[in-house]
Amino acid sequence: MTSSKNLNSIIVPFYNEEATLEKAVVRLVNEQFKKEIILVNDGSTDKSKEIALNLQTKYESIRLINFEKNRGKGFAVKTGMKESLGDVVGIFDADLEYSSEDLNDLIVCIRKENLNFICGSRFIGNKTRNNIYLRTFIANKLMSLLFSYVYKSKITDVATCLKVFKREVIENIDIEKDDFSIEIELIAKAVSQTNNFKEIPISYNGRSYADGKKIKLMDGFMYIFAIFKFK
């Protein structure tokens, strides 16, 4: 697929995010970079699909991909990437844990410094962060240290959900994982291609499981498995 120069494709996978989806997407729409927003409904059973359809009707920059059944975040991201047209492709979750302003900073940086990919890190700099679960904070730190050791590339936040890639990088990644461990797979396969990457500080507003947080302890074990699988 031929990419469009200076177009930023933002993949927004979502599953049962009726409480946050519209607010998150409108914030994206209001960012000033040139964009297409690809919403991927991963089989939501709440009102998320209807909200997404309304957003698609309202904004020309939005396209919706709809799955009738839940396939997993990895499958949703992979599908969105295949449908994207931009020469730069980013991932943005719809749960408001991450900031659209930070995504804008990543896009500015990858283009200005001609990087191959860039990740937002919650462990460098002094941005505002609300880490609700200490165990998750510690687990992310330890996984990042393990990843850095295994891949001989320093990554301070391997579980970050805010990432941006040049198209030529993702075109050389054959995504295998359909679940949350796609976060590890993308970075693992990207650092195996290039050392022209960077991390920059981002903010974070972690939510509770009562508020809809979906990643579980088992996903952490899958992350660790993925670190070794993709080496």
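Residues numbered from 1 in each chain as written. Predicted model: local features only at pLDDT ≥ 70, side-chain atom pairs only at ≥ 80, totals over all residues. Heavy atoms only, no water.

*Asks:* Go over the pattern of salt bridges, please, and point to the residues and values.
*Replies:* Following the criterion strictly, the structure yields 15 salt bridges and no others. Between E68 and K49 there is a salt bridge, and its shortest N-O distance comes to 3.8 Å. Residue E68 is located in the loop between β3 (62-67) and α3 (73-83), and its partner K49 is located in helix α2 (residues 48-58); the two are separated by 19 residues in the primary sequence. Looking at K49, the relative accessible area reads 28%, which means it is partly exposed. Note that D87 and R111 form a salt bridge whose closest N and O atoms lie 2.7 Å from each other. Linking D87 in strand β4 (residues 86-91) with R111 in helix α4 (residues 100-112), this pair joins segments that are 24 residues apart in sequence. D87 gets classed as buried once you look at its relative accessible area, which sits at 15%. Among the charged side chains, a network of salt bridges with common partners joins K73, D93, K163 and E183. (Salt bridge = Lys/Arg side-chain N within 4 Å of Asp/Glu carboxyl O. Helix = DSSP H or I, 4+ residues; strand = E, 2+ residues; numbered from the N terminus. Buried < 20%, exposed > 50% of the residue type's maximum accessible area, 1.4 Å probe, protein only.)

*Asks:* Describe the sheet that holds strand β1 (residues 4-14), with residues and values.
*Replies:* Spatially, β3-β2-β1-β4-β7-β5-β8 is the arrangement adopted by the 7 strands of the open sheet, whose pairing is mixed. Unpaired on one side and paired on the other, β3 and β8 (197-201) mark the two borders of the sheet. Between one strand axis and the next, the sheet turns by 20 degrees as a mean value, whatever way the strands run. Looking at chain direction, strand β5 (residues 117-121) and β8 are connected through 5 bridges and run parallel. When the bridges of β8 are listed, F117 appears paired with F197. Sheet contacts for α2: β1, β2 (35-42) and β3; angle to β3, the most-contacted strand, approximately 155 degrees. Strands β1, β4, β5, β7 (163-166) and β8 of the sheet are contacted by α4, whose axis makes an angle of about 25 degrees with β7. (Pairing = 2+ DSSP bridges. Axes fitted to C-alpha atoms, helices over the stretch in contact; angles between N-to-C directions. Contact = heavy atoms within 4.5 Å.)

*Asks:* How would you explain a nonpolar patch on the surface if you had to name every residue and give the values?
*Replies:* On the surface, L134, I138, L142 and L145 cluster together into a nonpolar patch covering about 430 Å² of accessible area. With respect to the element layout, I138 can be found in helix α5 (residues 134-151). I138 sits in the partly exposed class, given a relative accessible area of 40%. (Patch = residues over 30% accessible without salt bridge, like charges linked within 9 Å, V, L, I, M, F, W, Y side chains within 5 Å. Areas by Shrake-Rupley, 256 points an atom, 1.4 Å probe, with all protein chains shown as cover.)

*Asks:* Describe in detail unusual backbone geometry, supporting the description with residues and values.
*Replies:* A negative phi angle characterises most non-glycine residues, just as the trans form characterises most peptide bonds. One non-glycine residue with positive phi stands out, namely N114, at about 50 degrees. Relative to the helices and strands, N114 is located in the loop between α4 and β5. Residues other than glycine seldom take positive phi values, yet K152 does so here, at roughly 55 degrees. With respect to the helices and strands, the residue K152 is situated in the loop between α5 and β7.

*Asks:* Lay out the nonpolar core in plain terms, naming residues and giving numbers.
*Replies:* M81, F147, Y151, F165, L186 and V191 are the most contacted members of the largest nonpolar core, which totals 37 residues. It is helix α7 (residues 182-191) that contributes the most residues to this core, 7 residues altogether. With residues near it in sequence (within four places) discarded, L186 still touches M81, I91, K163, F165, I173 and I175. With 35 residues, the next largest nonpolar core counts F14, L28, I62 and L96 among its residues. (Core = buried A, V, L, I, M, F, W, Y, C linked by side-chain atoms within 4.5 Å.)

*Asks:* Just give me the short version of the packing of helix α1 (residues 21-30) against α2, but keep the residues and values in it.
*Replies:* Where α1 meets α2, the axes come as close as 10 Å, and the angle between the chain directions of the two elements is 25 degrees. Of the possible angle classes, the one that applies to α1 and α2 is roughly parallel. In the crossing of α1 with α2, the sense of the turn from one axis to the other is right-handed. Judged by residue contacts, L21, E22, V25 and V26 of α1 engage S48, I51, A52 and L55 from α2. Considered class by class, the residues forming the contact of α1 with α2 number 6 nonpolar, 1 polar and 1 charged. (Parallel < 35°, antiparallel > 145°, perpendicular 65-115°, else oblique. Left-handed = near helix turned anticlockwise from the far one by under 90°. Nonpolar A, V, L, I, M, F, W, Y, C, P; charged D, E, K, R; others polar.)

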